[in-house]
Amino acid sequence: MSARLKEQNAQLGDVQLAQKAEAMALEAEQMDRVAASPAAKSAYIKRSKQRLYLSQKGKRGLIMLKEGDVGLEVERLQKALAKAGLYKGPIDGKFSEDLTEAVKSFQNSKHLKSDGMAGPRTLGALGLY
């Protein structure tokens, strides 16, 4: 389903739809990895329920964070990038230009699409998805 969504979005160019397709693909990969481990399966189910709850409330923070966003999810991103040595700014929950540059640096280091938005792949590589 994620491949079909990605294909259809190629003509639309909708960034949020692209991030959702990416999230679906990442979910499928995670399900394959946790199938063999009861402990990993439990943690995966808990994270999935949390993402579903937040998305029902209209919060996309665990799917895509971008410049201008504010909140706990942004603060978690700031802390993770600071721990990685890529973000030197304040841990204040505000997605600033400095955070965008830190995200781009991280994405480049992991050979991810360097767009400055923290989507599922970026958040996953940081251990936040």
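Residues numbered from 1 in each chain as written. Predicted model: local features only at pLDDT ≥ 70, side-chain atom pairs only at ≥ 80, totals over all residues. Heavy atoms only, no water.

Thoughts on helix α5 (residues 97-109)
To be explicit about the condition: Every helix listed is a DSSP run of H or I at least four residues long, and every strand listed is a run of E at least two residues long, numbered separately from the N terminus. A helix's residues, less one, multiplied by 1.5 Å, set its expected span. Under the scheme applied here, a residue whose accessible area is under 20% of the maximum for its type counts as buried, over 50% as exposed, and between as partly exposed, the area being computed with a 1.4 Å probe on protein chains only. It is the directions from the helix axis to the C-beta atoms that the arc portrays. We call two residues in contact when some of their heavy atoms are within 4.5 Å.
The end-to-end C-alpha distance of α5 is 19 Å, a good match for the 18 Å that 13 residues give at a rise of 1.5 Å each. For α5, the complete set of buried residues consists of L99, T100, A102, V103, F106 and Q107. Projected down its long axis, α5 shows its buried positions confined to an angular sector of 160°, all on one face. α5 presents E97 and D98 as exposed residues on the side facing more than 90 degrees away from its buried surface. In this structure, the buried residues of α5 make contact with α4 (72-83) and α6 (120-125).

Considering the environment of G119
In this structure, G119 sits in the loop between α5 and α6. The spacing of G119 and L65 is 54 residues in sequence and 6.4 Å in space, taken between C-alpha atoms. Not counting the four nearest positions on each side in its chain, G119 is found in contact with Q19, E22, I63 and M64.

Overview of the pattern of salt bridges
Pairing between side chains becomes possible if they bear opposite charge and their charged atoms approach one another. Selection rule: Salt bridges, as used here, are contacts in which a Lys or Arg side-chain nitrogen is within 4 Å of a carboxyl oxygen on Asp or Glu.
Under the criterion given, the structure shown has two salt bridges. Note that E75 is salt-bridged to K79, the shortest N-O span being 3.4 Å. Here E75 pairs with K79, and both are found in helix α4, just four residues apart, close to one helical turn. Judged by its relative accessible area of 25%, E75 is partly exposed.

With respect to the side chain of Q78
For clarity, the cut-off: Pairing of N or O atoms within 3.5 Å defines a polar contact, subject to two protein rules: one partner must be a possible hydrogen donor and the other a possible acceptor, and residues neighboring in sequence count only if both atoms are side-chain atoms.
Locating Q78 in the fold gives a position in helix α4. A polar contact is formed between the side chain of Q78 and the side chain of Y87, at a distance of 3.4 Å. A polar side-chain atom of Q78 sits 2.8 Å from the main-chain amide nitrogen of G93. The residues touching Q78, leaving out its near neighbours within four places in the chain, are Y87, P90, I91, D92, G93, K94 and L99.

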